[in-house]
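Residue-level listing of the chains:
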Amino acid sequence: MTMDYASSIPAHFNESFARDVLNYRSRERDKMIARNLSTIRNVGPTVQKDTITFYEKTGGNDTIAAKITAKGDVPEQVGMKGNELTHSMYQISVGFMINGRDLTLDPAIQRRKIEIATAEIRRREDYIWINGDTETGLTGLVTASANNPNGKVVAYGSSSSSPNVDSKGNWAGTDTFVDIYTDVLEACDRIGEDFEPKFLCGTRATIAPIRKMDDLRNRYADQILDLFGAASTADFIRTSKYFPAGYAFVVAQDMEFMEFVISEDLVVDTSFPKEPGDNYRVELREWVNPVEFHSNEGVAEIYTL
């Protein structure tokens, strides 16, 4: 006998879809640029706006107020002032339709749709993390690198002035000189003192030349391992098609640089009523802020063309 799901998709479909989301994210975890390169912080579903308080000591945070004092002497007093910055949570969502006829089948038949929808959420996270979002005014890694007060590595022959420095040549090798190690070293030196370089990022085509050999037949990739405290290129190289072509980025991973903040992680919603055509809506959504930047000194860019 044909079952009638006139109100909404049955509960066992929702349970199956939720498992599919978790399984897919587990399998694809290594491909998640935004979540893997960020410090993740969960704030709970009651948080609509995440407020961060920054403190600065009197005389600046680089001064040290504590001193060696004689017995009975009054210690140095520390003055502090706070500055609050608020970050909103944003909903990232996508949906698809299931026809009523398919509700008599095993929900596993719809697994591919769930996987595609989950991948779309991941892609949007990564795109915002790298490039920001113009509609909401969110800024991404590219904007942070452009605003790094310590400068950047600009095009070969630009005659740049401090804090910027010219690259040693096109990474593709079309200029007279090329020294990828020095370019990456210069970018690492422009990461703030409070952070450590951890990743080298860009499109696959942009990053590929680091595997070339120098005049002594040494791979650039092997030479720069120590700059990232890495044992192999798999430890520090991350690529995505959403990075701007021709730019490589040295990135730190530190909660004082940038956080991926989660209010509600990805959920599946099948509670919608039947729509015309005997169709039922399925939505995947989350409430997050993938780009809570607290400093611009955790990323430095290299122009490689």
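Just so it is clear, the model here is predicted, and its values are computed rather than measured. (Residues numbered from 1 in each chain as written. Predicted model: local features only at pLDDT ≥ 70, side-chain atom pairs only at ≥ 80, totals over all residues. Heavy atoms only, no water.)

A. Local environment of the overall build of the chain. Scanning the chain from N- to C-terminus turns up eight helices and twelve strands. Scaling as 2.2 N^0.38, a compact globule of 305 residues should have a C-alpha radius of gyration of about 19 Å, whereas the chain reaches 25 Å, well beyond that. For the chain, with 305 residues in total, the buried portion stands at 43%. Long-range contacts, defined here as pairs at least 24 residues apart, represent 75% of the contacts in the chain between residues at least 6 apart. On the chain, roughly 16,600 Å² of surface is accessible, and the fraction owed to carbon and sulfur atoms is 48%. Both charge centroids of the chain, one from 33 positive and one from 46 negative side chains, sit 5 Å from each other. (Helix = DSSP H or I, 4+ residues; strand = E, 2+ residues; numbered from the N terminus. Rg over C-alpha atoms; globule rule 2.2 N^0.38 Å. Buried < 20%, exposed > 50% of the residue type's maximum accessible area, 1.4 Å probe, protein only. Contact = heavy atoms within 4.5 Å. Areas by Shrake-Rupley, 256 points an atom, 1.4 Å probe, with all protein chains shown as cover. Lys, Arg positive; Asp, Glu negative; His and termini not counted. Charge placed at Lys NZ, Arg CZ, Asp CG, Glu CD.)

B. Geometry of the side chain of His294. For His294, the position within the fold is in the loop between β11 (279-293) and β12 (299-303). When its relative accessible area of 17% is taken as the criterion, His294 is described as buried. At 2.8 Å, the side chain of His294 and the side chain of Glu259 are in polar contact. (Polar contact = N/O pair within 3.5 Å; in protein donor to acceptor, adjacent residues only side chain to side chain.)

C. Spotlight on the sheet that holds strand β1 (residues 39-42). In space, the four strands of this open sheet follow the order β1-β10-β11-β4, with mixed pairing throughout. Of all the strands in the sheet, just β1 and β4 (90-99) have a single pairing partner and so form its edges. Averaged over all pairs of adjacent strands, the angle between their axes in this sheet comes to 30 degrees, without regard to strand direction. Across the sheet, helix α3 (residues 111-131) lies against β4, β10 (258-269) and β11, angled at about 160 degrees from β4, the strand it touches most. (Pairing = 2+ DSSP bridges. Axes fitted to C-alpha atoms, helices over the stretch in contact; angles between N-to-C directions.)

D. Spotlight on the nonpolar core. If you look at the biggest cluster of nonpolar residues, it comprises 64 residues, and the most contacted ones within it are Trp129, Val184 and Leu200. Among all residues touching Trp129, those that are not within four sequence positions of it are Ile33, Ala34, Leu37, Ser38, Gly140, Leu141, Phe243, Val251, Met258, Pro290 and Val291. (Core = buried A, V, L, I, M, F, W, Y, C linked by side-chain atoms within 4.5 Å.)

E. How the structure looks around unusual backbone geometry. Along the chain, Ser162 connects to Pro163 via a cis peptide bond; the corresponding omega equals 15 degrees. Its location among the elements puts Pro163 in the loop between β5 (153-154) and β6 (165-166). A positive phi angle, close to 55 degrees, is found at Ser159, a residue other than glycine. Assignment of secondary structure puts Ser159 in the loop between β5 and β6. With phi around 60 degrees, Asp278 is a residue other than glycine that occupies positive phi space. Within the secondary structure layout, Asp278 lies in the loop between β10 and β11.

F. Quick look at the packing of aromatic side chains. Going through the model one piece at a time under the given rule, you end up with nine aromatic pairs. Both rings, one in Phe257 and one in Phe293, keep their centres 5.6 Å apart while their planes meet at 65 degrees; by these two values the pair is edge-to-face. With Phe257 in the loop between β9 (247-252) and β10 and Phe293 in strand β11, this residue pair connects regions lying 36 residues apart in the sequence. By way of ring pairs, the aromatic residues Phe243, Tyr247, Phe249 and Tyr303 are connected into one cluster. (Phe/Tyr/Trp six-rings, centres within 6.5 Å; stacked < 30°, edge-to-face > 60°.)

G. α3, seen in detail. With 21 residues, α3 ought to run about 30 Å at 1.5 Å a step, and its terminal C-alpha atoms sit 30 Å apart, in line with that. Buried within α3 are the following residues: Ile114, Glu115, Ala117, Thr118, Ala119, Ile121, Arg122, Glu125, Asp126, Ile128, Trp129 and Ile130. Gly132 sits one or two residues past α3 and shows a positive phi near 75 degrees. (Expected span 1.5 Å × (residues − 1).)

H. Molecular detail of helix α5 (residues 180-189). Restricting attention to buried positions, one finds in α5 the residues Ile180, Thr182, Asp183, Val184, Ala187 and Cys188. Its buried side turned inward, α5 meets β5, β7 (197-202), α7 (220-223), β9 and β12.

I. Looking closely at a negative patch on the surface. A cluster of acidic residues, Asp189, Glu193, Asp194, Glu196 and Glu256, forms a negative patch on the protein surface. Tracing the chain through its elements places Asp189 in helix α5. (Patch = residues over 30% accessible without salt bridge, like charges linked within 9 Å, V, L, I, M, F, W, Y side chains within 5 Å. Salt bridge = Lys/Arg side-chain N within 4 Å of Asp/Glu carboxyl O.)

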